[in-house]
Amino acid sequence: MTTDVDTFDVIVVGSGGGLVGAYVAASRGLRTLVIEKTDRVGGTTAYSGAGLWFPGSAPLKRAGVEDDIENARTYLRGLVGDSSREALQDAYLHAGAQLIDELEQNSWFQEFVYGPVPDYYPSADGASPAGRSIFPPPVSVADLGDKADLVRKSLPDERWGHDEGPVLSGGRALIGRALVAFLETGNGVLRTETALESLVVEDGKVVGVNAVSHGEKVTFRATGGVILAAGGFEHNRELREKYGKVPLTGEWSNGVSSNTGDALEAGIIVGADTDLLDEAWFVPGLVQPDGLALFHTGTRGGIWVNSAGERFLNETQPYDQTGHAIHNAEVTTGVSHLPTRWILDQKQIDRDSFGGDPSEPVRPDWFESGALQKADSLQELAELLGLPFENLQKTVDEFNDAARAGVDEKFHRGETPWDQMFTHMVGFAWLPSQNYLAPIPQDFPNPLLAPIDTPPYYAATIVLSDIGTKGGLKTDERARVLRPDGEPIAGLYAAGNTMAAMSGRVYPGAGTPIGSSLAFSYLAVLDIESAGDVAEPRN
Ligand SMILES: Cc1cc2nc3c(=O)[nH]c(=O)nc-3n(C[C@H](O)[C@H](O)[C@H](O)COP(=O)(O)OP(=O)(O)OC[C@H]3O[C@@H](n4cnc5c(N)ncnc54)[C@H](O)[C@@H]3O)c2cc1C
């Protein structure tokens, strides 16, 4: 039996970045329901560092970062080209700064802070070496009270029980803050363990959702609109094999496991157009002792080689570009790049350790599981890995020549502000153990090019991971979902990884995925409010 439970102005499907849009709706007096498939809120957003790439936003100005939206527009336009519509890009640029102004009026969102992460394409016109990323401040469990238990744990905590203690940082802080702010409005209702199954359409307009809530079929109605913010389809094997150029199963994804493309499929059924379905926020994944891959953000030493024992990329460039380099090489070269092998020597292990706390020796489970292999000579290592030894030796010799000269003429490693960031530190707030790497000693002309010449030698495994898919429902600049003829589907909106990405096939800077989830759920709320099919605002 289906129960018609309640009617709202706005329904938000998914509690990742969409929760911020839900807060905006509720704070503007719209009665807002958030349905979340799992028993915790936050999705992949909670796993993240919560960087938000919001050019021209107030926190950047407060920090004295010289920039403006026009400059960022040049950058975005040049990079993204026509892989997304210009109007979508402009809408994002304006919405980001505007949203932060609105959020910061609420004490739960005070104050976002600037984080110096250089733009990912430093030589593109309009790039900012200082970056355009802002972050939410941490928040204590004590401040969030019993709501803290509702927030999804961090990835290391979920996978390995690394308890993060009494303070939520990064994405957990953003979600914890948004959750309490949303509920405090008095207009927000949250239903966890409630999964969208299909959309309710009447007279051509989406007017609600059919869902399964705690095992029971329910229907919720929305007079204003339904915002699909239910992440991507990274864990839907069938869809990934259907749309991807590399047949990934989702097992290497770092997106939350509940992101199985439900909202995408529901949108397609009611006539939505789609775009970029072969894309993802591809990143390298370092295979861990448990056999799963962990999003690998930065590399300081060693080289990566394919099955021919050859380098094929600048290993220290931004992770999205290394991810895409693996993807593209796999698709186009006829040489297997899955897995890619990361070759290191003893001095790099002595300097940075491996796979955990840099101040601790390598944990034994890395060797016991085979996730890190060790050999006395390069020849022995090549045999262990099944790589052609002559090629590997030639690759290492060439790299060592480049290291001694201090210039990587082939792949330009260590030349950009992003690469150089790793000279002095590495890591992001979401993985505290990576935050405090010692600076690389200046023993070599270019510290990011250390020769591989000190046995024993080591190899780890890199696979093609992602932090969400980025193809999805086509939207316009008001986040309205479009049909193939370009007309919007009344009452239906999409944001974040449920929509075809505003950034097309590129990752312009730290915080574009979550930025898109926030910005487009916000734009959806503005559109719903302006359309006026909502009850009288309650505050
Ligand atoms: C370790 C890590 C660090 C990262 N750091 C950053 C960063 O600093 N900045 C950045 O921009 N990006 C970062 N990313 C990427 C980013 O986190 C994701 O791409 C982004 O959070 C996706 O946001 P979303 O709102 O689209 O989806 P999500 O945050 O994944 O939220 C989707 C939610 O929808 C729910 N859902 C799914 N299906 C249904 C259904 N049928 N019914 C109801 N609910 C449903 C899911 O359970 C989930 O809670 C990082 C990712 C990782 C893994």
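Attention in this report is confined to the structure presented alongside it. (Residues numbered from 1 in each chain as written. Predicted model: local features only at pLDDT ≥ 70, side-chain atom pairs only at ≥ 80, totals over all residues. Heavy atoms only, no water.)

## A short note on the sheet that holds strand E4 (residues 113-115)
Taking strand neighbours across the sheet as the criterion, the three strands line up as E3-E5-E4 in an open arrangement whose pairing is antiparallel. Edge positions in the sheet fall to strand E3 (52-53) and E4, since each of these pairs with one other strand and no more. When E3 meets strand E5 (residues 133-135), the two strands line up antiparallel, connected through two bridges. Across the sheet, the residue bridging to tryptophan 53 is serine 133, located in E5. (Pairing = 2+ DSSP bridges. Helix = DSSP H or I, 4+ residues; strand = E, 2+ residues; numbered from the N terminus.)

## Regarding the site of the ligand
Close contacts around the ligand come from 40 residues, with Glu36, Thr45, Ser258, Asp262 and Ser517 the closest. A distance of 3.0 Å is found between an oxygen atom of the ligand and a backbone nitrogen or oxygen belonging to glycine 17. Relative to its unbound accessible area of 1,000 Å², the ligand is 98% covered by the protein chains. The cavity where the ligand resides is the largest cavity. Contributing elements (two or more residues each) for the shell around the ligand: helix H2 (43-47), strand E9 (194-202) and helix H17 (512-531). (Near = heavy atom within 4 Å. Polar contact = N/O pair within 3.5 Å; in protein donor to acceptor, adjacent residues only side chain to side chain. Areas by Shrake-Rupley, 256 points an atom, 1.4 Å probe, with all protein chains shown as cover. 1 Å grid on protein atoms, 1.4 Å probe; cavity = no way out; pocket = protein on both sides within 12 Å on 5 of 7 lines; lining within 4 Å. Sits in = over half its atoms within 2 Å of the grid points.)

## Some points on the pairing of strand E11 (residues 216-228)
With six bridges connecting them, strand E10 (residues 205-213) and E11 associate as antiparallel partners. Considered in E11, the bridge of valine 209 is made with phenylalanine 220. Hairpin remark: E10 followed by E11, antiparallel, with two residues in the connecting loop; positive phi at histidine 214, about 50 degrees. Sheet analysis places E11 next to strand E21 (residues 488-494), joined by three bridges and oriented parallel. Note that in E21 the partner of isoleucine 227 across the bridge is tyrosine 493.

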